[in-house]
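Report on the structure
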Amino acid sequence: KDIEGSSGINAEYGGAVGSDGDLYLFGGSRYCQWKDRNGNPRKITKRINKLFKLQMQLPSLLESAWEVLFEHYGHLDQEDFLEMGVPEFLVRRSFVPTIR
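A short tour of the structure in this document, coming up.

What counts and what doesn't
- Counting restarts for each chain: residues are numbered from 1 in the order of the written sequence.
- Owing to the predicted nature of the model, reporting of local features is limited to residues with pLDDT of at least 70; listing and counting of side-chain atom pairs is limited to 80 or more, with chain, interface and lining totals taken over all residues.
- With hydrogens and water excluded, all non-hydrogen atoms of the structure serve as input to the side-chain values.
- A patch is a set of surface residues, each over 30% in relative accessible area and not in a salt bridge, joined within 9 Å for like charges and within 5 Å for the nonpolar side chains Val, Leu, Ile, Met, Phe, Trp and Tyr.
- For every accessible area listed, the method is Shrake-Rupley and the probe measures 1.4 Å; residues are considered covered only by the protein chains on display.
- Salt bridge, as used here: a side-chain nitrogen of Lys or Arg that lies within 4 Å of a carboxyl oxygen of Asp or Glu.
- Here a strand is any run of E in DSSP of at least two residues, a helix any run of H or I of at least four, and the numbering for each starts at the N terminus.
- For each residue, the accessible area found with a 1.4 Å probe, counting protein chains only, is set against the maximum for its type, and the residue is called buried under 20%, exposed over 50%, and partly exposed in between.
- Note on contacts: a residue pair qualifies if any of its non-hydrogen atoms lie within 4.5 Å across the two residues.

Further remarks concern a nonpolar patch on the surface. A grouping of Tyr 13, Phe 52, Leu 54 and Met 56 is seen on the molecular surface, where their side chains present a nonpolar patch of about 360 Å² in accessible area. Locating Tyr 13 in the fold gives a position in strand β1 (residues 4-17). Take Tyr 13: its relative accessible area is 30%, and that puts it in the partly exposed class.

See below:
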């Protein structure tokens, strides 16, 4: 092999627990280290711009159904979901309020 390497992910994240009880992590950095063809050590740190969601407990059937519905029909307006009979508390927490 010309290049040998190792990599790891540093714990430089921002995190919060959401109203749904899940843990959300954003960001972080990836550290990569290797030796070039001449045997010189090389390393870089690259920022990660991703959002991760970790379920802290099993979701209820209502939560699971809402996630699937919102994933497939998230392009609809709040009023459309309310007219379909989706509980208001689910609809309101899933949309960012608009400033008028």
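Okay, back to it.
Turning next to the environment of Gln 78. Within the secondary structure, Gln 78 sits in helix α2 (residues 78-83). Spatially, the C-alpha atoms of Gln 78 and Glu 88 are 9.0 Å apart, while their sequence positions differ by 10 residues. Not counting chain neighbours up to four residues away, the residues in contact with Gln 78 comprise Val 91, Arg 92 and Phe 95.

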